[in-house]
Structure formats: structure tokens, C-alpha cells
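One-letter residues, chain by chain:
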Amino acid sequence: MSKLLELRDLKTHYFTREGVVKAVDRVSLDMEKGENLGIAGESGCGKSTLGLSILRLVRTPGRIVGGEILFNGEDIVQKSDEEMRRIRGARISIIFQDPTSSLNPVYTIGDQIGESISLHQYRGGGGVFDWLLGRFKRSRAREVDEKVEDILREIGISDASKRRRNYPHEFSGGMRQRAMIAMALSCRPDLLIADEPTTNLDVTIEAQILDLMKELQKEFDTSVILISHNLGIISELCEKIVIMYAGNIMEFSDIKTLFESPKHPYTEALLNAIPRLGSRGKRLVAIPGEVPNQINPPHGCKFHPRCKDRIDGICNRRSPPTIEIEPGIKVSCYKYISKYELSDMGLYNEQKRIVD
Amino acid sequence: MELTKETGVKQTTILERLFSSLSGLGKLKRNKASLVSVGILLVFIILALFPNIIVPYHPETMFMVRQSPSSKHWFGTDTLGRDVFSNVIWGVRTTFYIGTACVLIELVIGFLMGGLAGYFGGWIDDLLMRITDIILALPTLIVLILAVSMFKVRSINIIILVMGLIGWPYMARVIRSQFLSIKTTPYVDAARAMGAKTQRIMFRHIMPNIILPIVVLITIHFAGYVLWEASLTFLGLGDPNSMSWGVMIMSGKNVLRTCPWISTYPGLFLFFLLIALQLLGDGLRDIFDIRV
């Protein structure tokens, strides 16, 4: 299998008045073609920024300050704005959290889906004049309309020819999110980034949306990056998962292994904080402490002040390297680094007493 | 709406979309004052469109000078013997021409300055907004008088141009603030994520969403320009050949005691037009909850 997406030491920082927020700090990960990847973490851990970085949509004061994003082997960070514009929507799409505000209130659903089609499938599509021209060219307009209706039918909206002319406020939340998915997938992109696509929807709709995404993803052969704080949703759709904390990747694993034997202490703590069926009477364990201040994060491993397995004198000195402890499972934690390697790194000897 | 032959599907037109985005206008009905002002404005618009049908005489026709109002000359005749009623009615058109042209100039400059500043931010924003501040800091009427008196020719079009070039800063500010708030909405992000170009985002995704506050400002500024023109004319800087109310008021000022009708009737029309525009602006502002 070839790599669809590779991130190499990606750094996206926000330059605020108070200081630099390292929202994504030296993140590296691989994604194979046809594979779905989940990105999980608490709010503010940088998972949304990571998603936006892949499309180069991070807004000022944020900026990608270093690293590479290889998409099909080409570095996205080096692309010109015009090349980037052609990638967006056509080869990489994104769905945002809130479908209500992600649809322009003054245009009909059909117009908006049609726009995403005509932006990439017809030459020139861009300015107002092209758009007006497109409107007056009846044959093309009808062609787009038919495609829009096909798409609406595909996402399970009945009476497509009528609903096409509805405005976003006339759609329910679930239907709006489906329309967003339809827009995102209308050009059959290679990669779909779904940023908390079900957060604002109720549980039954959530299941429908996930089913729809699964179905369309298979049909269009699109890989999905699902960003969510909900591990349950990620396990529904994805095979691989990344756990993020304060801008760093803590653990990269496949879903099954992650749930059966979490490697990183943070993952472990995270799983203990989720209620599960069949574990009656067991108390949920909250993670002590708070998410660190992103402007002055703790030295060393950013999780160490809250970690139950921390080794004083090591974890608070240098951020841990990422090591592959089993094939396909990578962890950033000193727990899995032997004494000998630690001493090679110059960490062990000085702290001998404590470690022993 | 029209039906396409093949599918029988109705196509929405651009106009319909505009109307649906302005559907809040229905709430105007609840506001009595603005309802009345809409009525007055409609009358004015009809007068501006068809003055030749309504007036009894050609405005240049001479009669006996300074006749007081009678059944033959409803508003009397002026110092040159022209029928005041006919002139006042023809003046509606001039007034609308002045207001519309100035507002158009204001809109173009306002969109360029405010739109670019709001959308791009950074040093562009700083530069354009400082220019705007400089224009705002000028004493408007004095600059107007200076600028207009620099020209040898007294032409209504020069006056319009000068007024438009001085009047845009508020429009630019409002458009900038609207761009600032709309550009961060998720649907603009979504448009960018779909691969839309900058100009497309500005014109197609942001502009239709900021029409309402601009409409409010237009009604208020329209009145402002008409008043400015009348003031300039009264100060002797108007275009004596134009049929504007300012010129008429000016021409009757020396005989105000003996023949008050020459200045009073155009003055009354000016007053009603301004008050109707202001009330409509207030009503719209209440409906859309906009602070200008």
C-alpha cells in the first residue's frame, strides 16, 4: 500500500499577544490509502488545528511554522495558493463541526452543492462573472442541477428536486450535516477530514451520519480523517487512531489494540474516564489536574504533571521520543524506553537513585 | 419564477434570492412611522419617474412673475415667472439623481476600502482605515465648499462627484466591520475549504450577507447628500441650470417676505423627503438591530 498522507514534524503555532501557542508541535504520522484515521483528544489539544493545517486553512495569527505535509508524495506546505485552491474541495475536503453555520444562509442547498461541483468540474469557475455566465448558460445549469439531485438522493434526501431549492434553515440539523457531507464528497476527494461531524447532533442522527459516511466512503474510495473527542465514534469508522495531548501525539495505534491494551498512561487514563457497558459499580476515574497552559507548557513530556507513571527527573526534563514498540504501534513515553537507552540519552545516570 | 420546459422545475432567479434575503422587510408593517415613510417615498418615486405627465406646464415656460398661489398656478410663480409647482415636481427627479449618484459613488469606494480592509486585515487594513480616518477628520461642509469652488464650471455632476468622494468613510467603516464579522463564519471557511477564490468569497459569499446594514446606511446617506446639495446651492455654489430644490429655495430668498411661496414649497418637499428617508432608515435599523 502506498502512503496517502505523511506528516513530518509538522508545527502549527498561534502567535497571540500573550505568547506563542504551539497548537500542533512536531507531529508526525502516516496514513495509508483506503485507511481511516481517527484523531482523538481533549478540547484544545490541537486536533482541529491539525485538520485545518492539512488544508492550509489555519487563520492568522496561526501559521504552519515547520515540517512537511506529504499528500500523495507532494509537499502541501510548499504549494502555491493557486495550486492549494485546486486541491481544496477536489482532492481534500473538510466537514466542520456545526452544519448550521457552515452553510451560507442566503443560498439554497442545491446552489451550494452545485457550487462545489462547478468550482472544480468546469474550467474557469471562480469569479462572479463566471458564475453569472454559468447561470445564463441553461444547459450547464441544468446539468449541475441534475448532479445535485443525484447527490441529494444518494445521501437519502427524498423529493430531491424540491428539497434542492430549500434554504439551509428549512433543513433539520441532521439533513444539513448530510448536505455538508454531500458537498464535501461531490468531487470524490482522496481524503475527507471530518472535524467533529456529529458533535451537535443527537445520538440517533449521529448513527445515521456515521453510516452514511461509511457507505459513501466505500463507494467513493475516500479515506477519512475523523477528528473527535469521542472514542466510540472513532472506533465505529476508523481502523487507526492517534491520541493527541497538548499539541503532541501520545500514541498511534490501531483501534483494537488501543481499547484492549492502551500503552500510553494518558490513553489508559482516558479509557478509564469513559463509562462502559458491563462495568457496573465501577467508579469512573477522572484524570487529576488540568489541561496545561499552552503558552507555558510543562517542561519535558507535557502530560507528566498528571501522569501516574511519571519518573521524576526524566519525564520533566526532555520531551520523550516516539518509539515503535510493536509493529504499527507508536508511543511517546519514557515508560517503554529501557535503562540502557535512557543512559545513552544521558538521562539515566544522573537520576540513578530515583529510577532504581 | 419561470418554468423550464423539460423538467417543469422552477428556477430561482437572482432577484428572488435578493428578496428572500430581505424578507425581514415584512416586519416594517408593524412600524407605523416607517410604513408612512414608505408611502411618501413611493409618491416621490412616481413623481421622479413621470413628472411630464403630472405637471401642468413645462418648467421653463414663463408667466407673469411673482403670482401668488391660485387655481392656475398651485404654488404660484417665481421671480422669473416660472410655475413653481412644475419646477418642484421636476426637482424630484434631480434630487433622486443627486442622491442615487452620490450613494453609488459611496458604495463603490466604500466596498473597495472597507471590503479589502476587512477581508485582508493586517497592514492593508491599517493603511485604508487611516485614510478613512483622515477623510472623517475633515470639516465636511468647509471642504465641500472649497472643493466645489475650485471648479470654474458650476455643474451638478461635479458637485455629485465631490460629495461622493467626501461622503464614503462611514460606508467603508460599516462594510469593513461587516466583512470582519462575516469572514470568520464557518460558511466562509467552508467556501475556502471548497477551493473558492478570494474574489468569489468576497462577492458571492460575503456580500449578500451584509446587504441589510448597507441598505439602512443608504437611506440615511441619501438624505444627507440631498441636504448637502441644497446647502451648497444656498451658499451660491449650486448649478443654476439644474432644477434642484436648493436652487429654487435660493432664488426666492430675497423676496421671502413678499412672496414666501417661491422658497417655501420646494423647502417643504425637501423636508418631507428627508423625514421620510430618516424614518425609513430608523425603522429598518430597528428591524435589523444595526448600530450605524
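Computed from a predicted structure; not experimentally measured. Residue positions are counted from 1 within each chain, in the order its sequence is given. Whichever chain is written first becomes A and whichever ligand is written first becomes 1, with later ones labelled in order. At least 70 in pLDDT is required for a residue's local features to be given in this predicted model, at least 80 for side-chain atom pairs to be given and counted, and no such filter applies to totals for whole chains, interfaces and linings, which use all residues.

A. Summary view of the overall build of chain A. A run of H or I in DSSP counts as a helix once it spans at least four residues, and a run of E counts as a strand once it spans at least two, with each numbered from the N terminus. A count of helical and extended segments in chain A gives 14 helices and 12 strands. Against the compact-globule benchmark of 21 Å for 356 residues, chain A has a radius of gyration of 23 Å, which places it among compact chains. Along the first, second and third principal axes, the C-alpha atoms of chain A reach 80 × 50 × 45 Å. Put simply, a residue is buried when 20 or more other C-beta atoms lie within 10 Å of its own C-beta and exposed when 12 or fewer do; between those, it is partly exposed, and each C-beta is set from the backbone. Among the 356 residues that make up chain A, the fraction classed as buried is 43%. For every residue pair, C-beta atoms are placed from the backbone, and the pair is scored as a contact if these atoms sit within 7 Å. By sequence separation, contacts in chain A at least 24 residues apart represent 65% of the contacts at least 6 residues apart. Here the radius of gyration uses the C-alpha set of atoms, whereas the globule reference equals 2.2 Å times the residue count to the power 0.38.

B. Just the overall build of chain B, in detail. Counting its regular elements, chain B contains 13 helices and two strands. When burial is assessed residue by residue, chain B has 43% of its 292 residues classed as buried.

C. Summary view of the interface of chain B and chain A. Of the residues lining the interface, 22 residues belong to chain B; the matching set on chain A comes to 27 residues. The dominant element in the side of chain B that touches chain A, judged by the number of residues it contributes, is helix α9 (residues 186-193) of chain B, at six residues. For the side of chain B that touches chain A, a count of residues per class yields nine nonpolar, seven polar and six charged. In this classification, Asp, Glu, Lys and Arg are treated as charged, Ala, Val, Leu, Ile, Met, Phe, Trp, Tyr, Cys and Pro as nonpolar, and every other residue, Gly included, as polar.

D. The sheet that holds strand β7 (residues 191-195) of chain A, seen in detail. All names here are of chain A. Pairing is mixed in the open sheet, where eight strands are placed in the order β6-β7-β8-β3-β9-β10-β12-β11. Edge positions in the sheet fall to β6 (92-95) and β11 (323-326), since each of these pairs with one other strand and no more. The sheet shows a mean angle of 20° between the axes of neighbouring strands, direction not considered. Pairing between strands is defined by DSSP: at least two bridges between them are needed. With axes taken as lines fitted to C-alpha atoms, and helix axes fitted only over the stretch in contact, angles between N-to-C directions fall between 0 and 180 degrees.

E. Structural context of helix α8 (residues 169-183) of chain B. All names here are of chain B. To estimate how far a helix should extend, the number of its residues minus one is multiplied by 1.5 Å. Under the 1.5 Å per step criterion, the end-to-end length of α8 is 21 Å for 15 residues, consistent within 8% with the ideal 21 Å. Counting buried positions along α8 gives 11 out of 15 residues, so the element sits mostly inside the fold. Listed as buried for α8 are Pro169, Met171, Ala172, Arg173, Val174, Ile175, Arg176, Gln178, Phe179, Ile182 and Lys183. On its buried side, α8 packs onto α4 (84-120), α5 (122-137), α9, α10 (198-206) and α11 (211-234).

F. Region of the structure containing the packing of α4 of chain B against α5 of chain B. Residue and element names in this part refer to chain B. α5 packs onto α4 with a crossing angle of 145° between their chain directions and a minimal axis gap of 7 Å. α4 and α5 meet at a crossing whose hand is left-handed. Together, Met113, Leu116, Ala117 and Phe120 of α4 and Gly122, Ile124, Asp125, Leu128, Met129 and Thr132 of α5 make up the contact between the two elements. When the residues that make up the contact of α4 with α5 are grouped by side-chain class, the tally is seven nonpolar, two polar and one charged. Crossing handedness is defined as follows: a turn of the near helix away from the far one that is anticlockwise and smaller than a right angle gives a left-handed crossing, while the clockwise case is right-handed.

G. Just the nonpolar core, in detail. Each nonpolar core comprises buried Ala, Val, Leu, Ile, Met, Phe, Trp, Tyr and Cys residues, the members being joined through C-beta atoms within 7 Å. Judged by nonpolar contacts, the single largest core of 160 residues is most densely connected at Ile181, Ala182, Ile193, Ala194, Ile225 and Val242 of chain A together with Met163 of chain B. When residues of this core are assigned to their parent elements, the largest contribution, 14 residues, is made by α4 of chain B. In contact with Ile193 of chain A, other than residues within four places in its own chain, are Gly51, Ile54, Leu55, Ile92, Ile94 and Ile225 of chain A.

H. Structural detail: α11 of chain B. Its 24 residues place the ends of α11 of chain B 34 Å apart at the C-alpha level, agreeing with the 34 Å of an ideal helix rising 1.5 Å per residue. Of all 24 residues in α11 of chain B, 17 are buried, a share of seventy percent or more.

I. How the structure looks around the confidence of the model for chain A. All names here are of chain A. Scored from 0 to 100, pLDDT reflects the predictor's confidence in each residue. Averaged over every residue, the pLDDT of chain A is 84; the share at 70 or more is 90%. The lowest-confidence element of chain A is helix α14 (residues 352-355), averaging 46 in pLDDT; the highest-confidence one is strand β3 (residues 37-40), averaging 94. Confidence drops under a pLDDT of 50 for residues 351-356, and excluding neighbours within four residues, the segment shows seven contacts in the predicted structure.

J. Focus on the pairing of β7 of chain A. Residue and element names in this part refer to chain A. Summarising burial for β7: five of the five residues are buried, a large majority. Residues Leu191, Ile193 and Asp195 line one face of β7 and the alternating positions Leu192 and Ala194 line the opposite face, and both faces are buried. The pairing of β6 with β7 spans four bridges and is classified as parallel. Each bridged residue has a counterpart across the sheet, and for Ser93 the counterpart in β7 is Leu192. Here β7 pairs with strand β8 (residues 223-228) via five bridges, running parallel. For Asp195, the partnering residue across the bridge sits in β8 and is Ile227.

K. Expanded view of the environment of Ser251 of chain B. Residue and element names in this part refer to chain B. For Ser251, the location among the structural elements is in helix α12 (residues 245-251). Judged by the 20 C-beta atoms lying within 10 Å of it, Ser251 falls in the buried class. Along the chain, Ser251 and Thr233 lie 18 residues apart, while their C-alpha atoms are 9.9 Å from each other. Leaving out residues up to four positions away in the same chain, Ser251 has contacts with Asp78, Thr79 and Ile262.

L. Quick look at unusual backbone geometry. All names here are of chain A. Cis geometry marks the peptide bond from Thr60 to Pro61; its omega dihedral reads 10°. Along the chain, Pro61 falls in the loop between α1 (47-54) and β4 (62-71). Residue Arg26 is not a glycine yet carries a positive backbone phi of 50°. Judged by the 18 C-beta atoms lying within 10 Å of it, Arg26 is partly exposed. Even without glycine at this site, Ala246 takes up a positive phi of about 50°. Judged by the 23 C-beta atoms lying within 10 Å of it, Ala246 is buried.

M. The sheet that holds strand β2 (residues 20-32) of chain A, seen in detail. Residues and elements named next belong to chain A. If you walk across this open sheet you meet the four strands as β2-β1-β4-β5, and the pairing is antiparallel. One side of each edge strand has no neighbouring strand; the edge strands of this open sheet are β2 and β5 (74-75). Packing of α1 onto the sheet brings it into contact with β1 (3-15), β2 and β4, and relative to β2 it is tilted by some 65°.

N. How the structure looks around the pairing of strand β10 (residues 248-254) of chain A. Residue and element names in this part refer to chain A. In terms of burial, β10 is largely enclosed, as six of its seven residues are buried. Bridge count between strand β9 (residues 240-245) and β10: six bridges; the pairing is antiparallel. Each bridged residue has a counterpart across the sheet, and for Ile243 the counterpart in β10 is Glu251. The loop that links β9 with its antiparallel partner β10 comprises two residues; one of these, Ala246, has a positive phi angle of about 50°. Where β10 meets strand β12 (residues 329-331), two bridges bridge the pair, whose relative direction is antiparallel. Note on β12: the bridge partner recorded for Glu251 is Val331.

O. Spatial organisation of the environment of Gly156 of chain A. Residues and elements named next belong to chain A. Structurally, Gly156 can be placed in the loop between α6 (138-154) and α7 (160-163). What makes Gly156 partly exposed here is the crowd of 14 C-beta atoms within 10 Å. Considered as a pair, Gly156 and Glu170 are 14 residues apart in the sequence and their alpha carbons are 16 Å apart. Once residues within four sequence positions are removed from consideration, Gly156 is found in contact with Arg178 and Leu212.

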